[in-house]
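Chain by chain, the residues run as shown.
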Amino acid sequence: MDISVIVPLYNEAESLTELHAWIKRVMDANGFTYEIIFVNDGSTDASWDVIESLSAENPEVKGIKFRRNYGKSPALFCGFRRAEGDVVITMDADLQDSPDEIPELRRMIVEDGYDLVSGYKQKRYDPLSKTIPTKLFNATARAVSGIKNLHDFNCGLKAYRHDVVKNIEVYGEMHRYIPYLAKNAGFDKIGEKVVHHQARKYGKTKFGLDRFVNGYLDLLSLWFLSRFGLKPMHVFGLMGTLMFFLGFVAVIIVGINKLYALANGIPARLVTDSPYFYISLTMMLLGTQLFVAGFLGDLISRSSQQRNDYQIEKEL
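Computed from a prediction, not measured in an experiment: that's the story for all the values here. (Residues numbered from 1 in each chain as written. Predicted model: local features only at pLDDT ≥ 70, side-chain atom pairs only at ≥ 80, totals over all residues. Heavy atoms only, no water.)

What exactly am I supposed to notice about the overall build of the protein chain here?
Each helix and strand counted, the protein chain has ten helices and seven strands in total. When the 316 residues of the protein chain are sorted by exposure, 44% land in the buried category. A total accessible area of about 17300 Å² is found for the protein chain, and carbon and sulfur atoms account for 59% of it. (Helix = DSSP H or I, 4+ residues; strand = E, 2+ residues; numbered from the N terminus. Buried < 20%, exposed > 50% of the residue type's maximum accessible area, 1.4 Å probe, protein only. Areas by Shrake-Rupley, 256 points an atom, 1.4 Å probe, with all protein chains shown as cover.)

Put into structure tokens, the structure is as follows:
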């Protein structure tokens, strides 16, 4: 099969029939063999009824229905697991992503050799309250991930080589960082294509401003896991050792000052009356806790079933 199109959706009943017809028209015009996987993320409208109707009349249409709303990442994960096409395309169901981009996205995967191609909505039909935070978010994501050539990490329109979607795990709200997940899995041939962005035709957006706060927290978590997920002792142990050492040196200095004062008959306060003593003691306690946290993290990492789950591309 040439292409799998995965469409996660939540309450998009009005657009599904039009979206299916548009995808079908593009596929038939290019002679592609394909499947369309609609992932209904707990919609409360008639979305699933529309999907069932489309599937009954069109064998290429497949559907997955969640019992409740889980989010876009779980929807993509289940769609990836079911996809069979050599190239996998993801797009939103709100008709803001154009299926006319599919042939060129596929060409970039098949002929240009990219592992992943992300859409770039250079001209957006969104309010400033959405576009300005998006620019700041993407700038931060580029800096942290090291993927300098992407301008729109969160664009729903993306193309993947089949091996990519079978070797990454999209969870929580990590759909924003699929290029970063792919890079961490060893798929570093990541490209970008400027795509047409259309104004929403039906309904309203399902995302609020809280996604930007959550996005930064997810990015921090992903960065930490990619750097230290298999070697937590390297960060916690280092921080703990440094903090304990500084606290220990500070305690020695406090003690030496006290002994010096006693030896020279200089009146001096009790060591326990000095705030520096308690600051030093706190640093030593925190350093010990951080070191133990790193040690326990290492023990957990070594007992994980994924500790030797390496991405092997070829074997002879």
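Would you mind showing me how to read the packing of helix α1 (residues 13-30) against helix α2 (residues 47-57) here?
If you want to describe how two helices pack, look at the angle between their axes and the distance between the axes. Two numbers describe how α1 lies on α2: the axes approach to 8 Å, and their chain directions differ by 25 degrees. The orientation of α1 relative to α2 falls into the category roughly parallel. The element α1 and its partner α2 pack so that their crossing is right-handed. Together, A13, L16, T17 and H20 of α1 and S47, V50, I51 and L54 of α2 make up the contact between the two elements. (Axes fitted to C-alpha atoms, helices over the stretch in contact; angles between N-to-C directions. Parallel < 35°, antiparallel > 145°, perpendicular 65-115°, else oblique. Left-handed = near helix turned anticlockwise from the far one by under 90°. Contact = heavy atoms within 4.5 Å.)

Even after reading the chapter, I still don't get the sheet that holds strand β6 (residues 158-161), so can you show me in this structure?
Picture the strands of a sheet paired through backbone hydrogen bonds; they go either parallel or antiparallel. If you trace the seven strands from one edge of the open sheet to the other, you get β3-β2-β1-β4-β6-β5-β7, paired in mixed fashion. Two strands in the sheet have a free side with no partner beyond their single neighbour: β3 (61-65) and β7 (190-194). The sheet shows a mean angle of 20 degrees between the axes of neighbouring strands, taken without regard to direction. Bridge count between strand β5 (residues 116-120) and β7: five bridges; the pairing is parallel. Note that in β7 the partner of Y120 across the bridge is V194. (Pairing = 2+ DSSP bridges.)

Sorry, what's going on with the pattern of salt bridges here?
Close approach of charged atoms allows side chains with opposite charge to pair. A full pass over the atoms with the stated rule returns eleven salt bridges. The partner of D2 in a salt bridge is R106, and the shortest N-O contact between them spans 3.9 Å. With a gap of 104 residues between them, D2 in the segment before β1 (3-9) and R106 in helix α4 (residues 102-110) connect regions that are remote in the sequence. As a salt-bridge pair, K193 and E101 come within 2.5 Å of each other at their nearest N and O atoms. Placement of K193 in strand β7 and of E101 in the loop between β4 (87-90) and α4 is noted, with a sequence separation of 92 residues between them. Relative accessible area serves as the criterion here: at 15%, K193 is assigned to the buried category. Assessed through its relative accessible area of 11%, E101 is described here as buried. When salt bridges with common partners are traced through the structure, they connect E104, R107, E111 and D112 into a single cluster. (Salt bridge = Lys/Arg side-chain N within 4 Å of Asp/Glu carboxyl O.)

Would you explain the pairing of strand β2 (residues 34-40) in this entry?
Within a regular strand, side chains alternate between the sheet's two faces. Of all seven residues making up β2, seven are buried, and the element is well covered by its neighbours. Relative to β2, β1 runs parallel, the two sharing seven bridges. Bridge pairing links L9 to N40 in β2. Between the parallel elements β1 and β2, the chain passes through α1 in a crossover that is right-handed. Bridge count between β2 and β3: five bridges; the pairing is parallel. Paired with F38 across the strands is G63, a residue of β3. Handedness of the β2-α2-β3 crossover: right-handed. (Right-handed = clockwise from strand over helix to strand, strands pointing away.)

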